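The primary structure of each chain is shown beneath.
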Amino acid sequence: MKIPRGSAARLAGGILLGCCWLLPWLTGAAASAEDPGYVGSTVCGDCHAAELDAWRGSHHDLAMTEASEETVRGNFDDIEFTAHGVTSRFFRKDGGYWVRTDGPDGEPADYRIDYTFGWEPLQQYLIRFPGGRLQALGIAWDTRPAAQGGQRWFHLYPDESGMSHNHPLHWTARDQTWNYQCAECHSTRLQKGYDSATDTYATTWAEIDVGCESCHGPGAEHRRQALAVAGGAADAWGQDKGLPIDPADRDGGVWQIDADTGLPRRSVPRAHRTELEVCARCHSRRGQIHEAAVPGGPLSDTHRLALLGEGLYHADGQILDEVFVHGSFLQSRMYEQGVTCSDCHDPHSLSLRQPGNAVCGQCHAAQRYDSVSHHHHPADAESGTACVDCHMPQRLYMVVDERADHSMRIPRPDLSVELGTPNACNQCHDDQSAQWAADAVADWLGPRAHARPEYASALHAARGGNHDAAVALAADTARPAIVRATAAALMADDPRPGDAMLIPRLASDPDPLVRAAAARYLEHVQPDAAVRIGFELLKDPVRLVRADAARALSRLVPMEANVPGRASPLRAALDPVLEEYRATQLVNADRSEAQMNLGLLEVALRNADPAEHHYRKALALDPEFIPAYVNLADLYRAIGRDDDGRTVLKSGLQRAPDNADLLHALGLLEVRAEDLDAALPALRRAAKLAPDHARYAYVLALAEQAAGDLPAALATLQAARERHPRDRDIALAQITLNAEAGHRDAAIAAAEAYLRDHPEDAQAGALLEQLRAAR
């Protein structure tokens, strides 16, 4: 069945994951995957004993093990703990460790602890479920000393409301499934083994912990060469010594102090970023798009990195949610200058290269930076003298786990005053205002304190709907690539014809994050320009860019002339990459988001039956996944089955009666059915529940106008305009409806106010001229 032209679909964001909630690794399990290329860390230790001992000395070999006397750190001596109205009991039975708590049906039951997960500052517990799943219990043990508040049970989501068995963060839900959420980063050569037909896992690994070969690649060839050398064949070593990943620097570069500036610089630019790409695979907020046999390639070839989105990062790029490290580090001057992870961290012991400020002193002269004249705090102060206090402020995650911001920025309390972003000064001086901190910094540094270049103001404005700010930021090559990619993504929220001038530049940017953002924007570009730009992106060396380009160009396929026996040039180039896009989604076939993305693709190709299949699959995986209800109903609209769409939306509302998306979709359906009496209540509730959604208020106003209630429509538009002063549709509707009501002066005032922000809008300008001429 084909979908007619003009059908609408709501595009869901990419699946963005982080690690399982912990950075410790996994070890000791009950399953394995034979792979002739992998030899195991114990074999590596035959020659690299010091490195292996350092790794094990960090306790990471105990990060995931079978529950035993040696590995369980929590108190299971018949201890009760209550959270979210549920009392759980931790006890021992039959030589094992058990918990009695609420299960997937909300009823209490006894569950045996199969594995411990983590060592410090907390330990979680994994429980085996049918279908090959391991589920992470939502109650963890605080392993810190009692004097620090530890040695207690605590809930990982203490402030989450409605934490019942139906909540997506409940320990039995899919968001807490180890196979999907944790395992990839915590095992060597992990293969998830998900079977979509049966919704089961047969997860395997070469080594269940993160061993040597997680970072260096399979070691069988390296071992063969080493044995040959040991046997007297001195020339047996290959250039890479048999390892597929070589993270080491072999360009002879060293860090040194520039005699003119007194600042550190590398003697030669870093030749590659292999080490950083290896680390970023797990130390980042990202979603997997390819199951690579061997890590070490560009991150964007296997994963989609989360950009600086609201809810993840503050407007200046500081960490907010659990984004881990890589996205922050990409914003730093350290990254720009060529610093890599092992410059500061020992990758085997996981300790710093030097203690305290000395790790920074490897490059930054202590007499200049580790001094009162630099940090402006007494030398014996408890805080404010450590480099990390000011340049790497920490936030608590998982209740007890402090993590540092790796963007390594200079504190800007003046931006806190202007934008509401946090700053390191007030993190310690929490009894003072941001203005107090800004004044203090200005006293120390003078005018240069607030004169340093920054992108926070532009990113904040772009988030608030300032399209010009987004365009300028995306075009500014002096800014970090992740910032520019974020700005390009914000441009797509409100596409303008003038953007077409910038997109080709972004599409040829050296950084794949920027190219991928340009690829996604092609969905809003005129077809001829989209094809011209997109053809090159379909051949990009990075998988993420190719896949996003294919997805954006898929809308053009139904426009192609069908010539029997001959594929069009577009289809010939696009079809193989569309299959690659499908593969990026099938990596996460166990997630509703991926199934919906596949459905959206089939909608773009006007293949109704496969689209319906994927939407139905998304709902089967997670009946609480609201976007699938909305998109399935929209599919039924497109193929003339609105009655089925109404049934779908009402089914969704039974699960989420206060969901604005469902209510708005139902209201639109009733408008199409010419039943305004049924439409208006749904549209009003949607607009009230989601006041930040400009479109909902706009549609409500038009429905009120259609119902003959022009005063209500104008009131709705006025309230919406105050909340969304830059929204074009709301502004034009306010102008038009005021004129229709005979409020010519109000219409002119609305037009003038809008054009002050959007002088380029020819349609609004013409309306204003008409209104003035009619006075």
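Residues numbered from 1 in each chain as written. Predicted model: local features only at pLDDT ≥ 70, side-chain atom pairs only at ≥ 80, totals over all residues. Heavy atoms only, no water.

Novice: Could you give me a rundown of the side chain of H222, with the residues and numbers involved?
Specialist: Summarising the element assignment, H222 is placed in helix α6 (residues 220–230). Beyond its immediate sequence surroundings of up to four residues, H222 is in contact with H48, W237, K241, G242 and L243. (Helix = DSSP H or I, 4+ residues; strand = E, 2+ residues; numbered from the N terminus. Contact = heavy atoms within 4.5 Å.)

Novice: Tell me about the pattern of salt bridges, residues and numbers included.
Specialist: Scanning the model with the defined rule gives 50 salt bridges in all. One salt bridge in this structure joins R685 and D658, with 2.5 Å as the shortest N-O distance. Here D658 lies in the loop between α29 (642–655) and α30 (660–672) and R685 lies in helix α31 (residues 676–689), a separation of 27 residues in the sequence. The partner of R772 in a salt bridge is E752, and the shortest N-O contact between them spans 2.8 Å. Within this pair, whereas R772 is found in helix α36 (residues 762–773), its partner E752 is found in helix α35 (residues 744–757), the two being separated by 20 residues in sequence. (Salt bridge = Lys/Arg side-chain N within 4 Å of Asp/Glu carboxyl O.)

Novice: Now, about the pairing of strand β3 (residues 86–93): what can you tell me, with residues and values included?
Specialist: Relative to β3, strand β2 (residues 79–83) runs antiparallel, the two being bridged by 5 bridges. Pairing of E80 across the sheet is with R89, part of β3. As paired strands, β3 and strand β4 (residues 96–102) are joined by 5 bridges and run antiparallel to one another. In the sheet register, R89 faces β4, and the bridge partner there is R100. (Pairing = 2+ DSSP bridges.)

Novice: Can you tell me about the sheet that holds strand β5 (residues 108–112), naming the residues and giving the values?
Specialist: Overall, antiparallel pairing links the 4 strands, which are arranged β2-β3-β4-β5 in an open sheet. Both outer strands of the open sheet, β2 and β5, are each paired with one neighbouring strand and no more. Here the average twist between neighbouring strands, direction ignored, is 20 degrees. (Axes fitted to C-alpha atoms, helices over the stretch in contact; angles between N-to-C directions.)

Novice: For the state of the cysteines, give the residues involved together with the corresponding values.
Specialist: This structure, assessed with the given rule, holds 1 disulfide. Paired by a disulfide, C185 and C282 hold their sulfur atoms 2.5 Å apart. Judged by the sign of its S-S torsion, about -105 degrees, the bond between C185 and C282 is left-handed. Highlighted residues: C185 in helix α4 (residues 183–186) and C282 in the loop between α7 (274–280) and β15 (286–288), separated in sequence by 97 residues. The exposure class of C185 is buried, given its relative accessible area of 3%. With a relative accessible area of 7%, C282 lands in the buried category. Free of any disulfide, C425 has its nearest neighbouring cysteine sulfur in C390, separated by 6.3 Å. (Disulfide = S-S within 2.5 Å. Buried < 20%, exposed > 50% of the residue type's maximum accessible area, 1.4 Å probe, protein only.)

Novice: How would you sum up the nonpolar core? Please name residues and give values.
Specialist: Looking at soluble globular proteins, one finds that nonpolar side chains tend to be buried together. Among the nonpolar cores identified, the biggest contains 62 residues, and I482, I503, L506, L522, L537 and L574 are the most heavily contacted of them. When residues of this core are traced back to their parent elements, those giving at least two are α18 (456–463), α19 (467–475), α20 (481–491), α21 (503–507), α22 (512–521), α23 (527–537), α24 (543–553) and α25 (569–586). If one sorts the elements of this core by residue count, α20 sits on top with 8 residues. For L522, the residues in contact, after removing those within four places along its chain, are I503, A530, I533, G534, L537, A552, L553 and R555. One finds A608, L619, Y636 and I639 within the second-largest nonpolar core, a separate group that totals 50 residues. (Core = buried A, V, L, I, M, F, W, Y, C linked by side-chain atoms within 4.5 Å.)

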